[in-house]
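Each chain is listed here by its residues.
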Amino acid sequence: MASLVVAEHDNRTLKDSTAKTVTAAAQISTPVHVLVAGQNCDAVAQAAAKLAGVEKVLVADDAQYAHMVAEPMEALILSLADKYDAILAPATTNGKNYLPRVAARLDVPQISEILKVVSPDTFERPIYAGNAIQTVQAPAGKKVITVRTTAFKAAGATGNAAIEKIAAAADPGISKFAGEELSKSERPELTSAKIVVSGGRGMGSGENFKLLEQLADKLHAAVGASRAAVDAGFVPNDYQVGQTGKVVAPELYIAVGISGAIQHLAGMKDSKVIAAINKDEEAPIFQIADFGLVADLFKAVPEMVQELTRLGY
Amino acid sequence: MKVLVPVKRVIDFNVKVRVKADQTGVDLANVKMSMNPFDEIAVEEAIRLKEKGKAGEIIAVSIGPAQASETIRTALAMGADRGILVKADGDVEPLAVAKILKAICEAEKPGLVILGKQAIDDDSNQTGQMLAALLGWPQGTFAHKLDITDSAATVEREIDGGLQTVEIKLPAIVTTDLRLNEPRYASLPNIMKAKKKPIDEKTPADYGVDVTPRLKVLKVTEPPKRQAGVKVKSGTELVDKLKEIGAI
Ligand SMILES: Cc1cc2nc3c(=O)[nH]c(=O)nc-3n(C[C@H](O)[C@H](O)[C@H](O)COP(=O)(O)OP(=O)(O)OC[C@H]3O[C@@H](n4cnc5c(N)ncnc54)[C@H](O)[C@@H]3O)c2cc1C
Ligand SMILES: Nc1ncnc2c1ncn2[C@@H]1O[C@H](COP(=O)(O)O)[C@@H](O)[C@H]1O
């Protein structure tokens, strides 16, 4: 039949995670259709139409989808589900929010955060904070899947799909968006940045994160954090990298003042190169770091910034 | 208003799990088990609502082996009022858990169900959302802050971009994120008191739910291992090395 990918976007730009989910979908069932649910989201639909391998983009433009509130999203996706044998979303906080509702209503298990499509009904997914990889076979019937996007390459922008407006589904009327407080940053997004610099409890304060920001600015890197740094209020919750935060796999991950608990490693151990700065030479982070520096971060990070400046960064 | 809190017995978060050599799963023999950490946060939130006079009875539910009664006892020692143990051996998938919880909700009629956002063993992050959909209730997942009135809940949620607030009608489902609260430790007197609190024993069949797994686990393997690399002596050398290999 076909697969349906629910697009991740902010009504203005299509997120990279959608292009990666399209890649996974194409390995499960073709043709691939993309659903853009939002408000005044034309630019997003245009971008989705350019994704290689996408045959059709369905656009539901309505106020109830402006913030992807779960209950209206469930109703909309269910109204389309008949025509698809696989429904996929990136494993973002949006996808994780609405997609299990769809699975439950279709009476099928959801397969969360797939890492690999082994065959159209068999998938690899991480369990126990990525300390084990489960290969699971889905039963016959519809597949409902969230995709760990760091594990898939983004579909290119060489496509030219048709765009079709579709009607909104009736709003269940039991929930409504009431506001948001988004972190503002000029830096690249954590999950798509090529370089990530993360700080942990060792940073000591939110003020001290400025030191990491200097390093990040030199490297055009995103800034992340451990749970301990978020819990201590040094940085906002959306900085958290790990099993229960964001999963990143950049070209380079620099962990500063982070011990390397399994829950943190779960979110970054697939990075291409890992560098770690910690004053404790026994810190577990060193067991997985390509480059380890046993030092006080308050000395080491300024040294890095200085050397980068000298090298013309 | 009754509050239902589903609590799962999982491998303690401090345990480094080992994959079994025959690739059938992870080694659970002689491993420390605890309440899923997100569920402790859920129990704590329910107790705080009760302390503020916004919740009445708190019911802790666990679906699992006989030992899951210990997990329920932990919730009772924290301050839950009674427990329901739905005995089932082997893995019960989130959809089946949600179906059992739905039946319990229909019998108990809670105004609120607070679950963890994620069980740290299967890392599914589904059960609360599935339960909400099966009941036709709204949800406030990944809760960072929760406010309740007689007929609605305001839930501030941890999302990828920051925080989002939704207003949902009661009855509703809430799932907890790490910053919602810091769970209390049970005091010794409360642990003693908990021993007298009632736990009902049920089976999935009592609720008419078939818990046979729908997904077939073909194998469980170890992820690729990373090796420790080299040590450098200064921030300067670190930058030079990263430049050498083209990482920056
Ligand atoms: C349910 C659950 C979910 C979790 N999810 C996550 C998650 O998603 N992400 C996550 O990160 N954690 C998560 N955790 C928490 C995790 O277990 C650890 O507690 C956390 O990662 C520790 O953060 P940290 O390394 O910053 O702090 P610590 O473990 O306290 O380490 C601080 C490190 O800084 C070093 N240090 C201190 N001062 C300096 C200095 N001046 N110079 C250099 N080094 C210094 C110390 O040597 C130490 O190694 C979770 C835990 C639970 C129970
Ligand atoms: N077997 C179970 N017994 C009780 N509660 C459960 C069980 N499985 C899942 N839950 C609840 O659902 C939440 C999310 O689990 P999961 O969807 O498996 O990640 C947990 O934090 C628990 O609150």
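Keep in mind that this is a model prediction, so the values were computed, not measured.

**Let's talk about unusual backbone geometry**
Then step 1. With an omega of -5°, the peptide bond running from T30 of chain A to P31 of chain A counts as cis.
Then step 2. Along the chain, P31 of chain A turns up in the loop between α1 (16-26) and β2 (32-38).
Then step 3. Between L170 of chain B and the following residue, P171 of chain B, the backbone shows a cis peptide bond with an omega angle of 0°.
Then step 4. Mapped onto the fold, P171 of chain B is located in the loop between β9 (162-169) and β10 (172-176).
Then step 5. Although it is not a glycine, N30 of chain B sits at a positive phi angle of roughly 55°.
Then step 6. Looking at the secondary structure, you find N30 of chain B in the loop between β2 (9-11) and β3 (33-35).
Then step 7. For N30 of chain B, a relative accessible area of 85% gives the class exposed.

**Some remarks on the site of ligand 1**
Then step 1. Surrounding ligand 1, one finds 28 residues, the nearest of these being R201, S226, Q240, S259 and N278 of chain A.
Then step 2. More than one chain lines the surroundings of ligand 1; the residues nearby belong to chains A and B.
Then step 3. Q243 of chain A has a polar backbone atom sitting 3.3 Å from an oxygen atom of ligand 1.
Then step 4. Those elements that place two or more of their residues in the shell around ligand 1 are α6 (227-231), α7 (262-265) and α8 (297-310) of chain A together with α1 (37-51) of chain B.

**Points about the pattern of salt bridges**
Then step 1. A full pass over the atoms with the stated rule returns 41 salt bridges over all chains.
Then step 2. The partner of R179 of chain B in a salt bridge is E158 of chain B, and the shortest N-O contact between them spans 2.9 Å. Here R179 of chain B, found in the loop between β10 and α5 (188-194), pairs with E158 of chain B, found in strand β8 (residues 152-159); they are 21 residues apart in sequence, far enough to count as distant. The pair R179 of chain B / E158 of chain B is uniform in exposure class, with both members buried.
Then step 3. Each of D10, R12, K15 and E189 of chain A takes part in a single network of salt bridges with overlapping partners.

**Describing the environment of T93 of chain A**
Then step 1. Summarising the element assignment, T93 of chain A is placed in helix α4 (residues 93-106).
Then step 2. Polar contacts involving the side chain of T93 of chain A include one to the main-chain amide nitrogen of D160 of chain B, which spans 2.9 Å.

**Overview of the sheet that holds strand β5 (residues 82-87) of chain B**
Then step 1. A sheet is described by the order of its strands in space; here 10 strands give the open sequence β11(A)-β9(B)-β8(B)-β7(B)-β10(B)-β6(B)-β1(B)-β4(B)-β5(B)-β11(B), paired in mixed fashion. Edge strands, defined here as strands with exactly one partner in the open sheet, are β11 (175-182) of chain A together with β11 (199-202) of chain B. Each strand axis lies, on average, 30° off the axis of its neighbour in the sheet, ignoring direction.
Then step 2. Sheet analysis places strand β1 (residues 3-6) of chain B next to strand β4 (residues 58-64) of chain B, joined by 4 bridges and oriented parallel. Across the sheet, L4 of chain B pairs through a bridge with I59 of chain B, a residue of β4 of chain B.
Then step 3. Its contacts with the sheet place helix α2 (residues 68-78) of chain B against β4, β5 and β11 of chain B, and it is angled at close to 165° to β5 of chain B.
Then step 4. Those strands touched by helix α3 (residues 94-108) of chain B are β1, β4, β5 and β6 (112-116) of chain B, and its axis lies near 150° from that of β4 of chain B.

**Here's the deal with the confidence of the model for chain B**
Then step 1. Of the residues in chain B, 100% reach a pLDDT of 70 or more, and the chain-wide mean stands at 97.
Then step 2. Complex prediction metrics read pTM 0.98 and ipTM 0.97.

**Description of the interface of chain B and chain A**
Then step 1. The partner chain A presents 85 residues to the 78 residues of chain B that form the contact.
Then step 2. Of the roughly 6900 Å² buried between chain B and chain A on both sides combined, carbon and sulfur atoms contribute 55%.
Then step 3. Summed over the three residues of chain B that lose the most area to chain A, namely D160, L215 and R226 of chain B, the buried surface amounts to 11% of that side.
Then step 4. The interface formed by chain B and chain A contains 5 salt bridges.
Then step 5. Applying the counting rule to chain B against chain A returns 48 residue pairs in polar contact (both at pLDDT 80 or more).
Then step 6. Elements that contribute at least two residues to the side of chain B that touches chain A include exactly α3, α4 (127-135), β7 (139-148), β8, β9, β12 (216-221), β13 (230-232) and α6 (235-244) of chain B.
Then step 7. Counted by class, the side of chain B that touches chain A contains 36 nonpolar, 18 polar and 24 charged residues.
Then step 8. Sheet topology note: the β11 of chain A/β9 of chain B ladder contains 7 bridges and is antiparallel. Within β9 of chain B, the residue paired with F177 of chain A across the bridge is V166 of chain B.

**Focus on the nonpolar core**
Then step 1. One finds L35 and Y98 of chain A to be the most contacted residues of the largest nonpolar core, which totals 55 residues.
Then step 2. Top contributing element to this core by residue count: α3 of chain B, with 9 residues.
Then step 3. With sequence-adjacent residues up to four places away left out, Y98 of chain A is seen in contact with V6, M68, A70, M73, I77 and A89 of chain A.

**A word on the environment of H220 of chain A**
Then step 1. Take H220 of chain A: it is sitting in the loop between α5 (209-219) and β13 (222-225).
Then step 2. Considered as a pair, H220 of chain A and K194 of chain A are 26 residues apart in the sequence and their alpha carbons are 8.3 Å apart.

**Structural notes on α1 of chain B**
Then step 1. When the terminal C-alpha atoms of α1 of chain B are compared, their 21 Å separation across 15 residues agrees well with the 21 Å that a helix rising 1.5 Å per residue should span.
Then step 2. Phi turns positive, to about 80°, at G53 of chain B, one or two residues after α1 of chain B.

**Remarks on the side chain of H9 of chain A**
Residue and element names in this part refer to chain A.
Then step 1. In this structure, H9 sits in the loop between β1 (3-6) and α1.
Then step 2. Here the side chain of H9 touches N11 through a polar contact of 2.8 Å, landing on its backbone nitrogen.
Then step 3. In this structure the side chain of H9 is engaged in a polar contact, spanning 2.8 Å, whose partner is the backbone oxygen of A37.

Quick notes on the rules
Residues numbered from 1 in each chain as written. Chains lettered and ligands numbered in written order. Predicted model: local features only at pLDDT ≥ 70, side-chain atom pairs only at ≥ 80, totals over all residues. Heavy atoms only, no water. Helix = DSSP H or I, 4+ residues; strand = E, 2+ residues; numbered from the N terminus. Buried < 20%, exposed > 50% of the residue type's maximum accessible area, 1.4 Å probe, protein only. Near = heavy atom within 4 Å. Polar contact = N/O pair within 3.5 Å; in protein donor to acceptor, adjacent residues only side chain to side chain. Salt bridge = Lys/Arg side-chain N within 4 Å of Asp/Glu carboxyl O. Pairing = 2+ DSSP bridges. Axes fitted to C-alpha atoms, helices over the stretch in contact; angles between N-to-C directions. Contact = heavy atoms within 4.5 Å. pLDDT = per-residue confidence, 0-100. Buried area = accessible area lost by both parts, 1.4 Å probe. Nonpolar A, V, L, I, M, F, W, Y, C, P; charged D, E, K, R; others polar. Core = buried A, V, L, I, M, F, W, Y, C linked by side-chain atoms within 4.5 Å. Expected span 1.5 Å × (residues − 1).

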